[in-house]
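Secondary and tertiary structure notes
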Amino acid sequence: MARILSTLDPDTLTQACDALRRGEPVAVPTETVYGLAADATHPGAITAIYEAKGRPRFNPLISHVSDIDMARAHVRFSPLAEKLARAFWPGALTLVLPLEPSGAIHPLATAGLATAAVRMPQGFARELIATFGRPLAAPSANRSGRVSPTSAEHVAEDLGERIGLILDGGRCPIGVESTIVAVEDGRLRLLRPGGIAAEAIEEIAGLAVERQQPQPGEAVIAPGMLTSHYAPQAAVRLNAADVRPGEALIRFGEAPVAGEDRAHAVFNLSPAGDLREAAANLFDFLKRADASGASAIAVAPVPAHGLGEAINDRLERAAAPRP
Ligand code: AMP
Ligand code: MG
């Protein structure tokens, strides 16, 4: 079973760096979700991430940096990319940028693409990267296809038998993964909605964020192409206007849902109708609805603007037919 160390313990940073230097993946809290982090320049360390997660190797990883200079050593920033990094870093925006030929992010982390996804996280994760001195590749710290973890307990339940060290920093404040944007010749393409609303990116860029999906056969693999993802065990039924016998209900806002008094369990993402609060609760409530023993999980509609775009994206994937 993995050791769990608090990020408040002064010795944790050293212990985590030691494990990373040995090429071992470490579960690390970030403001989005918990990541399973390892040295992005070290092929053995990256392989250990894919193995612990059971993740398909064609699905590239995000490399996390502690400052823009560290990012610049590995990827090339256009003026537009620079503007976005300055506005949103540290924070929940991942930029997909061309690789710098002299960079050291290993091709296993980029799935051999000519681009890399980079992000500067906030708080403890950033401090860890600065101390370690190299970028950390870190996908969410869950088995591939499962619901992402927003607490150290979630990580322990899912990966506790497969990894050696989990750093406990409490609950993740944002609760959904980063927004991923490809920056290409003055264009912005949304590869995954996430913790920063696309509208906020458009405002800074002064440019529309294009939302069309990658074409079939296109080399770039976004999570959008892995249709079933973030999946609980129970079936998920979206746009529920009522609750059917045996179902748990996840809903949003004040308005009650028909038949909710006979629901197996009820979880309100945000009684006050706040999409940020809803995002922070989403994965925890999916896990709890699943653990309630309900036959299925009914989900009432959630608004689609702002963080609602990311919430609806994750819900659609949770509800998609399983492979
Ligand atoms: P995560 O699972 O949170 O680590 O997110 C990783 C996702 O980032 C992958 O599933 C890809 O969709 C995306 N990604 C990473 N690198 C690239 C890249 N070079 N080009 C396009 N998307 C990428
Ligand atoms: Mg993930």
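Residues numbered from 1 in each chain as written. Chains lettered and ligands numbered in written order. Predicted model: local features only at pLDDT ≥ 70, side-chain atom pairs only at ≥ 80, totals over all residues. Heavy atoms only, no water.

**Comments concerning the overall build of the chain**
Within the chain one finds ten helices and 15 strands. Radius of gyration (C-alpha) of the chain: 19 Å, near the 20 Å computed for a compact globule of 323 residues. The principal-axis extents of the C-alpha atoms in the chain amount to approximately 60 × 45 × 35 Å. Of all 323 residues assigned to the chain, the portion counted as buried reaches 59%. Here the analysis covers contacts within the chain between residues at least 6 apart in sequence; of these, 66% occur between residues at least 24 apart. Of the roughly 13100 Å² of accessible surface on the chain, 53% is carried by carbon and sulfur atoms. Where the 31 positive side-chain charges of the chain centre and where its 37 negative ones centre are 4 Å apart. (Helix = DSSP H or I, 4+ residues; strand = E, 2+ residues; numbered from the N terminus. Rg over C-alpha atoms; globule rule 2.2 N^0.38 Å. Buried < 20%, exposed > 50% of the residue type's maximum accessible area, 1.4 Å probe, protein only. Contact = heavy atoms within 4.5 Å. Areas by Shrake-Rupley, 256 points an atom, 1.4 Å probe, with all protein chains shown as cover. Lys, Arg positive; Asp, Glu negative; His and termini not counted. Charge placed at Lys NZ, Arg CZ, Asp CG, Glu CD.)

**With respect to the packing of helix H9 (residues 275–291) against helix H10 (residues 308–319)**
Axis separation between H9 and H10 bottoms out at 9 Å; the angle between their running directions is 25°. Of the possible angle classes, the one that applies to H9 and H10 is roughly parallel. Crossing hand, H9 versus H10: left-handed. Facing Leu275, Ala278, Ala279, Leu282 and Phe283 of H9, the residues of H10 in contact are Gly308, Ile311, Arg314 and Leu315. For the contact of H9 with H10, the per-class residue count stands at seven nonpolar, one polar and one charged. (Axes fitted to C-alpha atoms, helices over the stretch in contact; angles between N-to-C directions. Parallel < 35°, antiparallel > 145°, perpendicular 65-115°, else oblique. Left-handed = near helix turned anticlockwise from the far one by under 90°. Nonpolar A, V, L, I, M, F, W, Y, C, P; charged D, E, K, R; others polar.)

**Some details on the sheet that holds strand S15 (residues 296–299)**
The pairing of strands in a sheet happens through backbone hydrogen bonds and is either parallel or antiparallel. The four strands lie next to each other as S12-S15-S13-S14, forming an open sheet whose pairing is parallel. Each edge of the sheet is formed by a strand with only one pairing partner; in this case those strands are strand S12 (235–237) and strand S14 (266–268). Going across the sheet, the axis of each strand differs from the next one's by a mean of 20°, ignoring polarity. Here strand S13 (residues 247–251) pairs with S15 via four bridges, running parallel. For Glu247, the partnering residue across the bridge sits in S15 and is Ala296. (Pairing = 2+ DSSP bridges.)

**Comments concerning the state of the cysteines**
Enumeration according to the criterion identifies zero disulfides in this entry. Free cysteine: Cys17, not disulfide-bonded; nearest cysteine sulfur from Cys172 at 20 Å. (Disulfide = S-S within 2.5 Å.)

**What to know about the UniProt feature "domain: YrdC-like" (unreviewed entry) in the chain**
Those places that UniProt annotates as "domain: YrdC-like" (unreviewed entry) correspond, in this numbering, to residues 10–196. What you have in residues 10–196 is 31% helix and 21% strand, and the ends, taken at the C-alpha atoms, are 31 Å apart. (UniProt positions renumbered as here; feature names shortened; annotations may be inferred.)

**Remarks on the pairing of strand S8 (residues 165–168)**
For strand S1 (residues 3–6) and S8, the ladder comprises four bridges, and the chain directions are parallel. For Ile4, the partnering residue across the bridge sits in S8 and is Ile166. As judged from the two bridges shared by strand S2 (residues 26–28) and S8, these two strands associate in the parallel manner. Counted as the bridge partner of Ala27 is Ile166 from S8.

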